Amino acid sequence: MSDNTNDKVIELFKRLPKNAIEEGGKFFKGFPYVKIAKDESGLPFKEDYLLEYAKKCFYIVSVVRKNGINTAIYKYKVPYDDLLGFLNEFRTNSNYGSIIDIERYIPEDLA
């Protein structure tokens, strides 16, 4: 997905009215979402292709952690299959620090 598509999605969220939840807006467990059913060429997505692509990607998870009197940012390269388990470690144990950013890393051979 290109940065241009991400900008379009963010723009849709900006246009949601403040009372969208009361008006029956599209939310999952209180989080707004936008459904995208077709790619930029207008073709429907293929689940197998998307999942295979995702498994080849990594996520760079930035964590802020205090070391004594100093603060540092740790960047972890997390494979797709391990992402939820990694995030759960921070949810259940505050000793590891606080996640401040998650970026998708696409290996060059996939780009």
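See above for the structure.
The structure contained in this document is the topic of the report that follows. (Residues numbered from 1 in each chain as written. Predicted model: local features only at pLDDT ≥ 70, side-chain atom pairs only at ≥ 80, totals over all residues. Heavy atoms only, no water.)

## Points about the overall build of the chain
Here comes step 1: Secondary structure summary: the chain contains three helices and five strands in total.
Here comes step 2: Ordered by position in the sequence, the α and β elements of the chain form the string α-β-β-α-β-β-α-β.
Here comes step 3: Across the 111 residues that make up the chain, the buried fraction comes to 14%.
Here comes step 4: Look at the contacts in the chain between residues 6 or more apart in sequence, and 48% of them connect residues 24 or more apart.
Here comes step 5: Carbon and sulfur atoms make up 53% of the accessible area of the chain, which totals about 9300 Å². (Helix = DSSP H or I, 4+ residues; strand = E, 2+ residues; numbered from the N terminus. Buried < 20%, exposed > 50% of the residue type's maximum accessible area, 1.4 Å probe, protein only. Contact = heavy atoms within 4.5 Å. Areas by Shrake-Rupley, 256 points an atom, 1.4 Å probe, with all protein chains shown as cover.)

## Things to note about the side chain of serine 62
Here comes step 1: With respect to the helices and strands, the residue serine 62 is situated in strand 3 (residues 58–67).
Here comes step 2: Here lysine 75 takes part through its side chain, which lies 3.2 Å from a polar atom of the side chain of serine 62.
Here comes step 3: Among all residues touching serine 62, those that are not within four sequence positions of it are Ile73, Tyr74, Lys75, Ser98, Ile99, Ile100 and Asp101. (Polar contact = N/O pair within 3.5 Å; in protein donor to acceptor, adjacent residues only side chain to side chain.)

## A word on the environment of arginine 65
Here comes step 1: Note on placement: arginine 65 falls in strand 3.
Here comes step 2: On a C-alpha basis, the gap between arginine 65 and isoleucine 99 in space is 9.0 Å, while along the polypeptide they are 34 residues apart.
Here comes step 3: Every residue in contact with arginine 65, bar those within four places of it in the chain, is listed here: Asn70, Thr71, Ala72, Tyr74, Tyr76, Tyr96 and Gly97.
Here comes step 4: Of note is the side chain of arginine 65, whose polar atom sits 2.8 Å from the backbone oxygen of tyrosine 96.

## Section: the sheet that holds strand 4 (residues 70–79)
Here comes step 1: In space, the three strands of this open sheet follow the order 4-3-5, with antiparallel pairing throughout. Where the open sheet ends on each side, the last strands, each with one partner, are strand 4 and strand 5 (98–105). Averaged over neighbouring strand pairs, the angle between their axes works out to 20° when direction is ignored. (Pairing = 2+ DSSP bridges. Axes fitted to C-alpha atoms, helices over the stretch in contact; angles between N-to-C directions.)

## Re the packing of aromatic side chains
The geometry of two aromatic rings is summed up by the distance between their centres and the angle between their planes.
Here comes step 1: Counted by the stated rule, this structure contains four aromatic pairs.
Here comes step 2: With a centroid separation of 6.4 Å and 50° between ring planes, the pair formed by phenylalanine 58 and tyrosine 105 is classed as tilted. Within this pair, whereas phenylalanine 58 is found in strand 3, its partner tyrosine 105 is found in strand 5, the two being separated by 47 residues in sequence.
Here comes step 3: Considering the side-chain rings of phenylalanine 86 and phenylalanine 90, the 5.2 Å spacing of their centres and the 55° angle between planes classify their relative orientation as tilted. (Phe/Tyr/Trp six-rings, centres within 6.5 Å; stacked < 30°, edge-to-face > 60°.)

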